[in-house]
Amino acid sequence: TQTVSQSDAHVTVFEGDSVELRCNYSYGGSIYLSWYIQHHGRGLQFLLKYYSGNPVVQGVNGFEAEFSKSDSSFHLRKASVHWSDSAVYFCAAGHNAGAKLTFGGGTRLTVRP
Amino acid sequence: NAGVIQTPRHKVTGKGQEATLWCEPISGHSAVFWYRQTIVQGLEFLTYFRNQAPIDDSGMPKERFSAQMPNQSHSTLKIQSTQPQDSAVYLCASKTGESTGQLYFGEGSKLTVL
């Protein structure tokens with residue numbers, strides 16, 4: 001069974017803080033991983049992806065994520081959050097990007113002023 | 001580039017009625033995906049098309065749900081005899097043929113079955 005788990009349903013930080021949103025996966029074989037952001041009432045927007053190569057990938061708006069095969073993880077990080085980063089973040093995985101993605105349950109990030 | 005367009009944005013139906021949701025993918029994108037989003041189940045894959053051909057419908061409920069892509073500019077998701085448990089936001093996404101390409105999502109169609 002292919003699963004993606006996001007252990008934190010809610011994370012609250014203050015503006016300017018750093019944040020890490022956790023994602024763990026259970027997949028066999030080669031894997032394609034990505035993060036998406038969803039603001040209230042909107043569709044999902046792509047943040048970044050990993051397929052091969054450098055395990056640390058950079059995305060939009062200062063986000064980065066690090067792939068770890070040993071930990072089966074793909075955690076998302078940002079060094080200094082802004083109030084506009086408040087949203088729900090979804091981790092997704094698939095065997096290859098041409099096929100369907102399985103999404104985690106999402107983490108709601110709240111950034112307080 | 002208008003992005004992925006989904007209509008209607010909101011639909012309210014009575015139990016037992018039919019609901020049809022429309023999706024217009026980004027021009028030039030060869031793959032179209034449908035997902036269902038609820039608070040309880042999260043994001044669930046339903047089905048996807050590549051070059052208009054159905055590739056994987058493993059997430060589609062076997063009864064009452066059907067999806068089509070009659071041409072490259074739109075796809076439809078039809079739910080017959082809607083039930084309250086069908087209430088959800090239905091998200092359509094498209095992507096290019098590049099194997100590691102990202103998904104571009106529409107804003108979703110919120111279906112409420114009374």
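Before reading on, note that the structure itself is shown above.
Residues numbered from 1 in each chain as written. Chains lettered and ligands numbered in written order. Predicted model: local features only at pLDDT ≥ 70, side-chain atom pairs only at ≥ 80, totals over all residues. Heavy atoms only, no water.

Enquirer: Tell me what's going on with the pattern of salt bridges, and back it up with residues and numbers.
Expert: In the structure shown here, the tally under the stated rule is 9 salt bridges over all chains. Across the pair E66 of chain A and R77 of chain A runs a salt bridge whose closest N-O atoms are separated by 3.2 Å. Note that E66 of chain A is positioned in strand β8 (residues 63-68) and R77 of chain A in strand β9 (residues 73-78), a separation of 11 residues in sequence. Looking at E66 of chain A, the relative accessible area reads 32%, which means it is partly exposed. A relative accessible area of 24% means that R77 of chain A is categorised as partly exposed. For E107 of chain B, the salt bridge identified is with R9 of chain B, shortest N-O distance 3.8 Å. A residue pair is termed long-range when its members are at least 10 positions apart, and E107 of chain B in the loop between β10 (104-105) and β11 (109-113) and R9 of chain B in the loop between β1 (5-7) and β2 (10-13) qualify at 98 residues. The class for E107 of chain B is partly exposed, based on a relative accessible area of 28%. Judged by its relative accessible area of 34%, R9 of chain B falls in the partly exposed class. (Salt bridge = Lys/Arg side-chain N within 4 Å of Asp/Glu carboxyl O. Helix = DSSP H or I, 4+ residues; strand = E, 2+ residues; numbered from the N terminus. Buried < 20%, exposed > 50% of the residue type's maximum accessible area, 1.4 Å probe, protein only.)

Enquirer: An account of the interface of chain B and chain A is requested, with residue identities and associated values reported.
Expert: By a widespread convention, an interface's size corresponds to the accessible area lost as its parts come together. Taken residue by residue, the interface counts 21 residues in chain B and 18 residues in chain A. At the boundary of chain B with chain A, total buried surface from both sides reaches about 1600 Å², with 53% on carbon and sulfur atoms. Its salt-bridge partner being K100 of chain A, residue D56 of chain B comes within 3.8 Å of it at the nearest N-O pair. Inspection of the chain B/chain A interface yields 6 residue pairs in polar contact (both at pLDDT 80 or more). For the side of chain B that touches chain A, the elements supplying multiple residues, two or more each, are β4 (31-38), β5 (42-50) and β9 (88-95) of chain B. Counting residues per element, the side of chain B that touches chain A draws most heavily on β5 of chain B, which supplies 4 residues. Residue composition of the side of chain B that touches chain A, grouped by class: 8 nonpolar, 7 polar and 6 charged. (Contact = heavy atoms within 4.5 Å. Buried area = accessible area lost by both parts, 1.4 Å probe. Polar contact = N/O pair within 3.5 Å; in protein donor to acceptor, adjacent residues only side chain to side chain. Nonpolar A, V, L, I, M, F, W, Y, C, P; charged D, E, K, R; others polar.)

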